[in-house]
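Listed here are the chains, written in short residue letters.
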Amino acid sequence: MKYTEKGVEELRIAYVGGGSRGWAWGLMSDLVSAADISGEVRLFDIDKQAAEHNVIIGEKFNAATGAKSHWSYHAYDTLGEALDGADFVVISILPGTFDEMESDVHTPEKYGIYQSVGDTSGPGGIVRALRAIPMFEEIALAIKEHCPKAWVINYTNPMTVLVRTLYRVFPEIKAFGCCHEVFGTQKLLASMVTDKYGIENIPRDEIKVTVTGVNHFTWLTGAKYRNMDLMPLYAEYAKRYAETGFARIGSHDDNWMNNVFACNHRVKFDLFNRYGAIAAAGDRHLAEFCPGKWYLSSPEAVAEWHFGLTPVSWRKEDLGKRLRKSKRRLSGEEEITLRPTGEDGVNQIRALLGLHTMVTNVNLPNVGQVPNLPMGAVVETNAVFESDRVTPVMAGPLPQRIYPLISRIVGEQEMVVEAALTRDIELAFNAFANDPLVTVDAATAREMFDEMLEKTKTYLKMYDI
């Protein structure tokens, strides 16, 4: 890369999973919207044709109205070629296919266990991790060989265990995980300020929060807008809207069972009223970290809590729509328009290049930012981004009331990483049977575990099963 008066040129970004029909396009839009960086995006995907299609689409983003920079796109045959000499690495992959995810999410339903997402925690998240961790082991070793000084941004779930894997395999790696769930809670807080005080158009990053916990089970122990403490305001709304929910973000009607991304914040409010801290993710994610009978005992119970189950059939249908969109973009039938994603990735890159400084929530190994969780375990807190440095912000100890909930999850996540890296399937089952959603007896849990492994065995050949 080369520094100039305009910023940084000749930047090399390797994109692992570069055939994506969603995240990749979002990155392209955000990159060309930044005037002070430019360079090459190196696309690698096990589906080489998908990456090649994104080369063509990427060039079309350069020509879109409003583009402020130019990026060249190339698809590479091997992971090593894409990584060689990269300054940044972006990882956004699907561990397996939606057929495997269909088993992750829906096989447990035979045993009376429901999952609203199934990609992070619960039985589905654990089996997905068993597929994904060996993949990330390979990626970490390749980064060590080809670009050991690169900054690595992970978007893939299960976020916590995959970032942990990168550091277990290559301890000197400079990696962090990004998730936008906290952003949604900042927007919720901003909407409360608007509703209560009539202050309009509050940017979500003006809501300053103290972030702690783990990805998708993230908590806020403090929140402010300017000099206004928002914790009492949140307490007021959590009590007032405990039964009805607030704003109905993500839903347009009361048919909650059929709205796959519905979130009326009733789970958030219930958790606040129980524990006095703000659970800072969508209700679909939060519910999966809690005991299975709290929010996910049945589809009808989910509807009563005003959030949605996301079936994999919806994801398959959505993939079909994105494939058709890709064809239209390739042919020129659909014009490329720039839309900001709201993600922090490009701004994080700019900060690490020394072009500005920022604070945002990320997933990093614990070096004391949450002192009553194990050192080395990956936690989600704020961090300061500046020239070639990410410094975690000390969040302080987890409040005693929520400590048992989160420490249990951290112990499970550490066990899953150890099990996958050592190929110890019995240790993986111990984590599986201990998960809060697994509300069946040990023998039934074993039957479910074995059935789920059988349905994803194509991606588990490294294990002795």
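You'll find the structure just up there.
About the cut-offs
- Residues numbered from 1 in each chain as written.
- Predicted model: local features only at pLDDT ≥ 70, side-chain atom pairs only at ≥ 80, totals over all residues.
- Heavy atoms only, no water.
- Core = buried A, V, L, I, M, F, W, Y, C linked by side-chain atoms within 4.5 Å.
- Buried < 20%, exposed > 50% of the residue type's maximum accessible area, 1.4 Å probe, protein only.
- Contact = heavy atoms within 4.5 Å.
- Phe/Tyr/Trp six-rings, centres within 6.5 Å; stacked < 30°, edge-to-face > 60°.
- Helix = DSSP H or I, 4+ residues; strand = E, 2+ residues; numbered from the N terminus.
- Pairing = 2+ DSSP bridges.
- Right-handed = clockwise from strand over helix to strand, strands pointing away.
- Expected span 1.5 Å × (residues − 1).
- Salt bridge = Lys/Arg side-chain N within 4 Å of Asp/Glu carboxyl O.
- Axes fitted to C-alpha atoms, helices over the stretch in contact; angles between N-to-C directions.
- Parallel < 35°, antiparallel > 145°, perpendicular 65-115°, else oblique.
- Left-handed = near helix turned anticlockwise from the far one by under 90°.
- Polar contact = N/O pair within 3.5 Å; in protein donor to acceptor, adjacent residues only side chain to side chain.

Q: Please provide a residue-by-residue account of the nonpolar core, values included.
A: Core analysis: the largest hydrophobic core is formed by 128 residues, its most contacted members being Val89, Phe176, Phe217 and Trp219. Not counting the four nearest positions on each side in its chain, phenylalanine 176 is found in contact with Trp151, Val152, Ile153, Asn154, Val163, Gln348, Leu352, Val362, Asn363, Leu364, Phe385 and Val390.

Q: Tell me about the packing of aromatic side chains, residues and numbers included.
A: If you walk through the whole model with that rule in mind, you get 16 aromatic pairs. Taken together, a centroid distance of 6.2 Å and an interplanar angle of 55° make the contact between tryptophan 151 and phenylalanine 176 tilted. Of the two residues, tryptophan 151 sits in strand β6 (residues 151–154) while phenylalanine 176 sits in strand β7 (residues 174–177), which places them 25 residues apart along the sequence. Judged by its relative accessible area of 0%, phenylalanine 176 falls in the buried class.

Q: Describe the pairing of strand β4 (residues 71–75), and please don't skip the residues or the numbers.
A: Relative to β4, strand β3 (residues 37–44) is paired through 5 bridges, and the arrangement is parallel. Bridge pairing links arginine 42 to histidine 74 in β4. One crossover worth recording links β3 to the parallel β4 by way of helix α2 (residues 48–62), and it is right-handed.

Q: Can you explain helix α15 (residues 403–422)? Please cite residues and give values.
A: In a regular helix each residue adds 1.5 Å, so 20 residues correspond to 28 Å; α15 covers 28 Å between its end C-alpha atoms and thus fits that length. Looking at α15, one finds that the buried residues are Leu405, Ile406, Ile409, Val410, Glu412, Gln413, Val416, Val417, Ala419, Ala420 and Leu421. At the C-terminal side of α15, arginine 423 shows a positive phi close to 60°.

Q: Describe the pattern of salt bridges, listing the residues and the values that go with them.
A: Under the defined criterion, the tally for this structure stands at 30 salt bridges. Of the charged contacts in the structure, one is a salt bridge between aspartate 36 and arginine 350, with a shortest N-O distance of 3.0 Å. Note that aspartate 36 is positioned in the loop between α1 (23–32) and β3 and arginine 350 in helix α14 (residues 345–352), a separation of 314 residues in sequence. Summarising the burial analysis for this pair, aspartate 36 and arginine 350 share the class buried.

Q: Kindly report on the packing of helix α8 (residues 231–240) against helix α9 (residues 266–275), identifying the contributing residues and their values.
A: The interhelical angle for the contact between α8 and α9, taken along N-to-C directions, is 115°, at an axis separation of 9 Å. Compared by their axis directions, α8 and α9 come out roughly perpendicular. For α8 against α9, the interelement crossing comes out left-handed. Here Met231, Tyr234, Ala235, Tyr237, Ala238 and Lys239 of α8 lie close against α9, whose contacting residues are Lys268, Phe269, Phe272 and Asn273.

Q: Just give me the short version of the pairing of strand β2 (residues 7–16), but keep the residues and values in it.
A: With 7 of 10 residues buried, β2 lies mostly within the body of the structure. From the end of strand β1 (residues 2–4) to the start of β2, which pair antiparallel, there are 2 residues. Sheet topology note: the β2/β3 ladder contains 7 bridges and is parallel. Across the sheet, the residue bridging to tyrosine 15 is leucine 43, located in β3. For the crossover that starts at β2, traverses α1 and ends in the parallel β3, the hand is right-handed. Where β2 meets strand β5 (residues 88–91), 4 bridges bridge the pair, whose relative direction is parallel. Directly across from isoleucine 13, in β5, lies its bridge partner phenylalanine 88.

Q: Summarise helix α17 (residues 442–455); cite the residues concerned and give the values.
A: Three or four residues apart is the spacing at which side chains of an α-helix point the same way, because the helix has 3.6 residues per turn. With 14 residues, α17 should cover 20 Å at 1.5 Å per step; its first-to-last C-alpha distance of 20 Å lies within 8% of that length. Against the buried residues of α17 lie α4 (98–106), α5 (122–146) and α16 (425–434). Here α17 starts with a cap whose side-chain oxygen sits 3.1 Å from the backbone nitrogen of alanine 443, and that cap is aspartate 441.

Q: Could you give an account of the environment of lysine 268, naming the residues involved and the relevant values?
A: Within the secondary structure, lysine 268 is located in helix α9. Note: C-alpha distance between lysine 268 and leucine 230 (38 residues apart in sequence) is 15 Å. With near-sequence residues (within four places) excluded, lysine 268 lies in contact with Thr185, Leu188, Tyr234, Cys263, Ala279, Ala281, Gly282, Asp283 and Leu286.

Q: Let's hear about unusual backbone geometry: which residues, and what values?
A: Residue proline 158 is bonded to the preceding asparagine 157 through a cis peptide linkage, with omega at 5°. The phi torsion at histidine 216 lies on the positive side, around 70°, for a residue other than glycine. Residues other than glycine seldom take positive phi values, yet histidine 265 does so here, at roughly 70°. In this structure, histidine 265 sits in the loop between α8 and α9. Overall, histidine 265 belongs to the buried group, its relative accessible area being 4%.

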